[in-house]
Amino acid sequence: MSKTVRTRFAPSPTGFMHVGNLRTALYEYLVAKSMGGQFILRIEDTDQERKVDGAVDIIYSTMKRAGLIHDEGPDIGGDYGPYVQSERKEMYLPYAKQLIEQGQAYYCFCTKERLDMLRENADDPGAGYDRHCRDLPQEEVQQKLRDGVPYVIRQKMPLTGTTTFEDAVYGTISVDNSELQDQILIKADGYPTYNFANVIDDHTMNITHVVRGSEYLSSTPKYNLLYEAFGWDIPTYIHLPLIMGKNDDGSVSKLAKRHGATSFEDLMKGGFLPAAIINYIALLGWAPKDNREMFTLPELVENFSIDGISKSPAIFDYDKLEWFNGEYIKAMTVEEFAAVCEPYFRQALGDLPLDHIKLASILQQRTTKLTDIPEKIAFFAEQPEYDVSLFVNKKSKTTLENVPSLLQAGIEALEALTEWNHDSIHDCLMNLAVTLGVKNGTAMWPVRIAASGMTVTPGGAVEILDILGREESLTRLKKGLAKFS
RNA sequence: GGCCCGGUGGUCAAGCGGCUAAGACACCGCCCUUUCACGGCGGUAACACGGGUUCGAUUCCCGUCCGGGUCACCA
């Protein structure tokens, strides 16, 4: 009988959720759920200097909006708590001391200043710590400890040999032990470093699959040496290809601010739907067995498999995200869409009593980003100044000469309407074209221009007139006609 | 710079020794159409390079080149 799969998302509270982190969280969730396992949330706040107030709430809200529901975590508890590292602080030191006793770690009394000097004077950028305290005489160590000299605890790396491990996506990876730094396990402030806390927590929380970005690939041997020192089982590693951004000069690098919105919050503010973001991100570094692209979260769980994860870095493509967003918008009911449009309607129209469902319906097929909405419908609230030249359109066969009479006829026909709704306006204008013996477009074009003051509008003349209402429509048409006198 | 990883169209990507090398986004053209979209149809465009292994390499091996990652009392 195999162990229950357990994965964990372990963000540090920095104040925003980078899409790279979100994607890691998503895959962690998918790995666990696709195998009937559990997904745990753990907050890694061992860096007391970088703590940000309210950052943990952002993590909760992001996870919730993305639908990544954890089975255990600080907010809901679980059998392996606490789930915040700062609350586990006391757990780590004993483990570090155990390592010292086993001869696999040591006290280091070097000051930060000395380390800085070391770094400055090194001509090799990868020189690192010189292991000055690695073999300090026992008495000296005890004396310094008694004197209260500040210390850190470092891991004693083997100087020779190689460490090899299996990664579920990258395969076998070996690193020479001589490459490994004697990394710090416990910092001077008593907190564990991320690397150390990670190993201790993952083990004590029974994490079976460690999913993280490939930037950890080359430091994984350090983790494994720790697992081995304690005699613990090494988890299954699943390293993910990095998400990159394209720079202006065409080069690529880890996705960062300069590439555009990089956090879940920014993306949402940018007019993207959570479901579209998740769907897009899922496909950045993973591909299903078939050609499918549209996936809800449950569908991802159903189709996910580790062997579909790719090895090469992927560039974040805002165009493709926009396409997904448009697809998700089109898949909504008008009512649902109108609901998500609400803040944007308010922004453009204030309290104007226009029919929001009708507005949503003309917008739905042509919206990819919600943030594009206000400028598209601004003319409903206030018509922009426009030039008569807008009335001229070759394809519609409208000219400065025929527009006045076209408009005049339109106004008369519309004024005669007893009912003002989509169908009546539609029939009226269509009949007008027949009566005048012109193409539909010829009759429609001047009306739409006069009603909107724009050449490009969401919806056609009929929809615009309907939404605008009789009075405002006629006012605008007459104003348009007046431009010719 | 050392080490680690990667390299199929502009982007995401199928492919896992034998294919006219899928598909999607973007781009271009045509159609539909009261504008713009949507939708439909079609098109341009790729196996980094050089050696091997093999009857046969995009697929396996080596080298080169290119790209990325990593070398913190940050996570």
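Residues numbered from 1 in each chain as written. Chains lettered and ligands numbered in written order. Predicted model: local features only at pLDDT ≥ 70, side-chain atom pairs only at ≥ 80, totals over all residues. Heavy atoms only, no water.

Peer 1: What is the right way to look at the overall build of chain A in this model?
Peer 2: Regarding its fold elements, chain A presents 19 helices and 12 strands. Relative to the compact-globule value of 23 Å for 485 residues, chain A shows a C-alpha radius of gyration of 32 Å, a clear excess of over 25%. If you line up chain A on its principal axes, its C-alpha atoms span 105 × 55 × 35 Å. Counting every position in chain A, which comprises 485 residues, the buried fraction comes to 47%. In chain A, of all internal contacts separated by at least 6 residues, the share reaching a separation of at least 24 is 73%. (Helix = DSSP H or I, 4+ residues; strand = E, 2+ residues; numbered from the N terminus. Rg over C-alpha atoms; globule rule 2.2 N^0.38 Å. Buried < 20%, exposed > 50% of the residue type's maximum accessible area, 1.4 Å probe, protein only. Contact = heavy atoms within 4.5 Å.)

Peer 1: Help me understand the sheet that holds strand β7 (residues 184-186), please; the structure alone is not making it clear to me.
Peer 2: Strand pairing in a sheet relies on backbone hydrogen bonds, with the paired strands running either antiparallel or parallel. If you walk across this open sheet you meet the 3 strands as β3-β4-β7, and the pairing is antiparallel. Looking at which strands have only one partner, the edges of the open sheet turn out to be β3 (105-108) and β7. Strand-to-strand twist in this sheet, taken as the mean axis angle between neighbours without regard to direction, amounts to 40°. Bridge count between β3 and strand β4 (residues 152-155): 4 bridges; the pairing is antiparallel. The partner of tyrosine 107 across the bridge, within β4, is isoleucine 153. (Pairing = 2+ DSSP bridges. Axes fitted to C-alpha atoms, helices over the stretch in contact; angles between N-to-C directions.)

Peer 1: So what exactly am I meant to see when it comes to the sheet that holds strand β11 (residues 252-254) here?
Peer 2: Read across the sheet, 3 strands follow the order β11-β10-β12 without closing on themselves; strand pairing throughout is mixed. A strand with exactly one partner marks an edge of an open sheet, and here the two such strands are β11 and β12 (314-315). Strand direction decides the pairing type here: strand β10 (residues 243-246) and β12, joined by 2 bridges, are parallel. The residue bridging isoleucine 243 from the neighbouring strand is alanine 314, located in β12.

Peer 1: Just to check I follow, could you spell out the pairing of β4 for this structure?
Peer 2: Every regular strand shows the same layout, with side chains that alternate between the two sheet faces. Taking every second residue as pointing to the same face, both faces of β4 are buried, with Val152 and Arg154 on one and Ile153 and Gln155 on the other. Sheet analysis places β4 next to β7, joined by 2 bridges and oriented antiparallel. Residue pairing for β7: isoleucine 153 is matched across the bridge by isoleucine 186.

Peer 1: Looking at this model, I keep getting lost on the pattern of salt bridges. Mind explaining?
Peer 2: A side chain of one charge can pair with a side chain of the opposite charge when the charged atoms of the two come close. Per the stated rule, a full pass over the model turns up 21 salt bridges. Linking arginine 6 and glutamate 72 is a salt bridge whose minimum nitrogen-to-oxygen distance equals 2.7 Å. Residue arginine 6 is found in strand β1 (residues 6-9), and its partner glutamate 72 is found in the loop between α2 (55-66) and α3 (89-101); the two are separated by 66 residues along the sequence. Glutamate 72 shares its class with arginine 6; the two are buried. (Salt bridge = Lys/Arg side-chain N within 4 Å of Asp/Glu carboxyl O.)

Peer 1: Sorry if this is basic, but what is going on with the environment of glycine 245 here?
Peer 2: As for its position among the elements, glycine 245 is in strand β10. Setting aside chain neighbours within four positions, we find glycine 245 in contact with Ser251, Val252, Ser253, Lys254, Leu255, His259 and Ile315.

Peer 1: How do you make sense of the packing of aromatic side chains when you look at a structure like this?
Peer 2: Aromatic ring pairs are reported here in terms of the distance separating the ring centres and the angle at which the planes meet. Tallying each qualifying case throughout the model produces 20 aromatic pairs. Seen from their ring centres, tryptophan 286 and phenylalanine 304 are 5.5 Å apart, and the 25° between their planes marks the pair as stacked. Note that tryptophan 286 is positioned in the loop between α9 (274-282) and α10 (297-303) and phenylalanine 304 in the loop between α10 and β12, a separation of 18 residues in sequence. Its relative accessible area of 7% is what places phenylalanine 304 among the buried residues. On the numbers, 5.8 Å between centres and 65° between planes, the contact of tyrosine 386 with phenylalanine 391 is edge-to-face. (Phe/Tyr/Trp six-rings, centres within 6.5 Å; stacked < 30°, edge-to-face > 60°.)

Peer 1: Explain the packing of helix α6 (residues 194-204) against helix α7 (residues 220-230) to me, please; I cannot follow it from the model alone.
Peer 2: Pairs of packed helices are described in terms of their axes, by the angle between the two and the distance that separates them. Axis separation between α6 and α7 bottoms out at 10 Å; the angle between their running directions is 50°. Between α6 and α7, the interaxial angle falls into the category oblique. The handedness of the crossing between α6 and α7 is right-handed. Only Tyr223, Leu226, Tyr227 and Phe230 of α7 make contact with α6, whose side of the interface consists of Tyr194, Asn195, Phe196, Asn198, Val199, Ile200, Asp202 and His203. Taken together, the residues of the contact of α6 with α7 sort by class into 8 nonpolar, 3 polar and 1 charged. (Parallel < 35°, antiparallel > 145°, perpendicular 65-115°, else oblique. Left-handed = near helix turned anticlockwise from the far one by under 90°. Nonpolar A, V, L, I, M, F, W, Y, C, P; charged D, E, K, R; others polar.)

Peer 1: Would you mind showing me how to read α3 here?
Peer 2: Note on helix geometry: an α-helix contains 3.6 residues per turn, so any two residues three or four positions apart are oriented the same way. Among all positions of α3, only Tyr92, Ala96 and Leu99 are buried. Taken end-on, α3 shows its buried residues confined to a sector of 55°, consistent with a single buried face. α3 presents Glu90 and Glu101 as exposed residues on the side facing more than 90 degrees away from its buried surface. Residues of α3 that are buried make contact with β3, β4, β7, α6 and α7. Positive phi shows up at glycine 103, right after α3, with a value of about 80°. (Arc of directions from axis to C-beta.)

Peer 1: Looking at this model, I keep getting lost on the nonpolar core. Mind explaining?
Peer 2: Inside soluble globular proteins, nonpolar side chains tend to come together where they are buried. Counting 140 residues, the largest nonpolar core has Leu68, Phe196, Phe316, Phe380 and Leu414 as its most contacted members. Per element, the largest residue contribution to this core is 9 residues, and it comes from helix α1 (residues 19-34). Ignoring anything within four residues of it in the chain, the contact list for phenylalanine 196 reads Tyr92, Tyr95, Ala96, Leu99, Leu185, Ile186, Leu226 and Phe230. (Core = buried A, V, L, I, M, F, W, Y, C linked by side-chain atoms within 4.5 Å.)

Peer 1: Could you clarify how one ought to interpret the side chain of asparagine 247 in this entry?
Peer 2: Tracing the sequence through the fold places asparagine 247 in the loop between β10 and β11. Its relative accessible area of 14% is what places asparagine 247 among the buried residues. Looking at asparagine 247, its side chain comes within polar contact range of the side chain of serine 253, at 3.3 Å. Sequence-distant contacts of asparagine 247, defined by excluding residues within four places in its chain, comprise Val252, Ser253, Arg258 and His259. (Polar contact = N/O pair within 3.5 Å; in protein donor to acceptor, adjacent residues only side chain to side chain.)

Peer 1: Sorry if this is basic, but what is going on with the packing of α3 against α7 here?
Peer 2: Contact pair α3 / α7: the axes reach a minimum separation of 11 Å and the direction vectors enclose 80°. Regarding the angle of α3 to α7, the classification is roughly perpendicular. Contact residues: Tyr95, Gln98 and Leu99 in α3; Leu226, Ala229 and Phe230 in α7.

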